[in-house]
Amino acid sequence: MTADNSFIANQFSLLAKLMDIHGENSFKAKAFSSAAFTIDRLPQQLSEIPNEKLPSIKGIGDSAAKKIHEIFERGEIVMLTQLIEKTPAGIMQMLNIKGIGPKKITVIWKDMGIESIGELLYACNENRLTLYKGFGEKTQKSIQESIEYFLNNIGSYLYAQIENLAHTLDVELKNNFPQHEFLITGDFRRQLETIDKLEWVTNVPEAELQNYLLQHKFVTEKIDTEESVYKGEEENIQLNFYHTTSEKLYTKLFQTSCSDEFLNEWNSKYSLKDVASYNNEKEIFEAAQLQFIPAFLRETKTVIEQAKNELPEVIQTKDITAIIHSHSKWSDGNNTLEEMAEAAIEKGLQYLVISDHSKTAFYANGLTEERLKTQHAEIDELNEKLKPFKIFKSIESDILNDGSLDYNNDVLNSFDVVIASVHSNLKMNEEKAMMRLLNAIKNPFTSILGHCTGRLLLSRAGYPVDHKKLIDACVENNVVIELNAHPRRLDMDWRHLHYCIERNVLISIDPDAHSVKGFNDIKYGVLAAQKAGIVPSQNLSSFSLQEFELFLKMQHAKRNK
């Protein structure tokens with residue numbers, strides 16, 4: 001099939017943009033951009049024009065003519081293919097984001113070290129773009145909104161992104177079908193960190209529900225003719241409905257609220273009554289002589305055995321007593337120290353651990369030794385003013401390439417708490433990553449290991465680590481493992497927290513808050529912790545002020561050995 005003008009113009013436009021991003025010949029980049037503009041508006045298809053006449057067309061010229069010939073002969077512009085091959089996929093995606101041109105992408109990639117739109121959104125949330133020339137608050141806000149719009153059209157969402165829609169639709173359905181049941185199920189009910197579809201079990205007749213959904217524009221189309229599966233109108237997310245009878249409603253709810261591993265194990269040991277009616281899910285467990293297992297725990301087969309005895313009372317948001325790991329205007333936060341403290345007091349919390357970025361994090365306005373002295377003086381003043389509430393002096397210290405922290409011991413000794421995290425050179429193999437992390441864990445000043453894989457959900461997989469070795473090292477060195485509660489991180493992954501429980505390692509559910517609003521992210525860390533069966537006593541940010549001060553004494557004892 002012969003390439004048409006629209007395709008060729010797009011190829012030249014992309015070539016010009018990538019040349020700008022890679023710092024190639026700017027004169028030629030402008031020429032190819034001009035050629036794209038010309039080609040897109042030609043009244044005649046280039047394929048109908050003899051090759052020897054192409055250079056004479058105003059706005060094309062010899063160089064562009066040769067590349068048009070390449071497209072006809074090879075189906076590609078070789079130079080463009082080469083540029084695409086050396087451009088990260090995330091940078092290519094950024095070209096689709098409104099308000100981000102090649103010059104800004106160059107700064108984002110080369111100066112900020114960001115290679116995906118998810119990382120870029122996270123940087124916007126942390127207020128980091130404003131630290132770079134050409135990125136004011138309005139620009140940052142515009143980029144953030146454009147990225148959110150783009151991500152909302154992909155179809156996979158963070159739990160936090162889709163939560164409001166799930167609850168809104170749930171209420172809407174129940175209000176409009178008061179004589180019928182709608183029970184939310186699936187991945188959302190299991191509190192998984194990313195959601196591809198929203199699911200309900202219902203006894204509404206399928207045709208009646210379909211007419212309602214299409215008439216009220218809750219969905220755009222039915223995408224499965226055999227199953228009741230739709231594409232949502234408000235968000236590009238799949239909506240699934242499991243239609244069943246009233247008698248089998250809770251049987252279906254149970255079956256759709258478990259992982260495959262859990263359900264296979266259940267089916268091998270127990271049977272569900274197919275005919276008789278269950279009035280609720282608890283009756284299913286009672287019939288099996290088991291304690292009720294909440295949907296969020298129905299992941300592994302081992303929990304079925306545990307349910308023969310009493311399951312733990314898992315942590316709740318109300319069990320959080322403090323904000324550990326937060327950033328203020330001293331580095332890249334949006335609020336002052338006092339504003340952060342007052343917001344914590346308003347929430348009924350007992351203390352705040354302020355952990356701004358360290359000096360190596362220049363991209364986040366990291367604190368030099370001199371600025372630290374001034375910040376610590378401000379904390380002392382606020383502690384006098386706000387007592388009995390207390391602000392603890394902390395730092396999120398960058399783990400350097402060799403695993404060392406980026407202050408000398410005298411400076412590290414001035415902090416109540418040191419959170420050690422990797423923020424740079426994230427492209428590591430497991431050997432390199434483990435060397436850095438294990439060296440940081442062995443440092444006697446390290447109290448908490450922050451977001452241990454550096455992952456950003458739906459954006460960046462994070463560097464590979466041996467989780468068991470990390471946890472074992474934290475046991476040996478009395479280091480707490482962070483469960484970073486930001487919904488895009490949730491790192492350490494809840495799937496590895498079972499081993500933390502087994503080894504009796506403290507975790508710390510921390511919001512990594514860069515604003516007062518960020519305190520609310522604690523909720524998502526709690527939801528993840530619940531999936532691992534974490535109880536309050538296993539979480540540092542559930543410690544009372546007195547318990548936390550005792551914890552600090554034990555940590556500081558490490559420093560003097």
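Up top is the structure these notes are about.
What counts, and at which threshold
Residues numbered from 1 in each chain as written. Predicted model: local features only at pLDDT ≥ 70, side-chain atom pairs only at ≥ 80, totals over all residues. Heavy atoms only, no water. Buried < 20%, exposed > 50% of the residue type's maximum accessible area, 1.4 Å probe, protein only. Helix = DSSP H or I, 4+ residues; strand = E, 2+ residues; numbered from the N terminus. Pairing = 2+ DSSP bridges. Polar contact = N/O pair within 3.5 Å; in protein donor to acceptor, adjacent residues only side chain to side chain. Contact = heavy atoms within 4.5 Å. Expected span 1.5 Å × (residues − 1). Arc of directions from axis to C-beta. 1 Å grid on protein atoms, 1.4 Å probe; cavity = no way out; pocket = protein on both sides within 12 Å on 5 of 7 lines; lining within 4 Å. Points joined across faces, edges and corners; volume = space filled by probe spheres on them. Nonpolar A, V, L, I, M, F, W, Y, C, P; charged D, E, K, R; others polar. Axes fitted to C-alpha atoms, helices over the stretch in contact; angles between N-to-C directions.

To continue, consider the pairing of strand β8 (residues 322-326). With five of five residues buried, β8 is to be regarded as a mostly interior element. In this sheet, strand β9 (residues 351-357) lies alongside β8 in parallel orientation, the contact comprising four bridges. Across the sheet, residue S326 finds its bridge partner in β9, namely I354.

Okay, the sheet that holds β8 next. Read across the sheet, seven strands follow the order β8-β9-β10-β11-β12-β13-β14 without closing on themselves; strand pairing throughout is parallel. At either margin of the open sheet sits one strand with a lone partner, and together these are β8 and β14 (507-510). Bridging between strand β13 (residues 480-484) and β14 involves four bridges; their strand directions are parallel. Each bridged residue has a counterpart across the sheet, and for L483 the counterpart in β14 is I509.

Structurally, T256 is set in the loop between α12 (249-255) and α13 (260-269). Assessed through its relative accessible area of 15%, T256 is described here as buried. Looking at T256, its side chain comes within polar contact range of the main-chain oxygen of L253, at 3.2 Å. Non-local contacts of T256, meaning those with residues more than four positions away in its chain, are made with T185, G186, V201 and Y242.

This brings us to helix α3 (residues 61-74). If you check α3, its first and last C-alpha atoms are 20 Å apart, about what 14 residues at 1.5 Å a residue would give, namely 20 Å. Here α3 has its buried residues at A64, A65, K67, I68 and I71. Angularly, the buried residues of α3 cover 165° about the axis, an arc narrow enough to put them on a single face. Exposed and oriented more than 90 degrees from the buried face of α3 are D62, K66, E73 and R74. Contact partners of the buried residues in α3: α1 (5-21), α2 (26-40) and α4 (78-85). G75 lies just past α3 and shows a positive phi near 85°.

Moving on to empty space enclosed by the protein. Scanning the entire structure with this criterion turns up one cavity of 30 Å³ or more. As for the largest cavity, its lining consists of Y159, A160, Q191, L192, E193, P487, L490, W494, Y524, L527 and A528. If you tally residues by element for the lining of the largest cavity, the top one is helix α22 (residues 522-531), at three residues. Across the lining of the largest cavity, the residue classes break down as nine nonpolar, one polar and one charged.

This brings us to the sheet that holds strand β4 (residues 197-202). Pairing is mixed in the open sheet, where five strands are placed in the order β2-β4-β7-β6-β5. A strand with exactly one partner marks an edge of an open sheet, and here the two such strands are β2 (182-185) and β5 (219-224). Each neighbouring strand pair of the sheet contributes to a mean axis angle of 30°, computed without reference to strand direction. When β2 meets β4, the two strands line up antiparallel, connected through four bridges. Along β4, the bridge assignment pairs F182 with T202.

Empty space within the largest pocket amounts to approximately 1,100 Å³. The wall of the largest pocket is formed by 34 residues, among which N125, Q144, E148, K517 and D521 lie closest to the centre. Every element with two or more residues in the lining of the largest pocket is listed here: α7 (117-125), α8 (137-151) and α9 (159-176). For the lining of the largest pocket, the residue count by class is ten nonpolar, 13 polar and eleven charged. For the second largest pocket, the calculated volume is near 710 Å³. If you trace the second largest pocket, you find 30 residues lining it, with M112, G113, E119, H423 and L426 closest to the centre.

This part takes up α8. Relative to the 21 Å expected for 15 residues at 1.5 Å per residue, α8 spans 21 Å between its end C-alpha atoms, a close match to the ideal helical length. Along α8, the residues that are buried comprise Q140, I143, Q144, S146, I147, F150 and L151. Taken around the axis of α8, the buried residues stretch over an arc of 165°, which confines them to a single face. What points out from α8, more than 90 degrees from its buried face, is the exposed set E137, K138 and Y149. For α8, the secondary structure elements touched by its buried residues are α5 (89-94), α7 and β1 (157-158).

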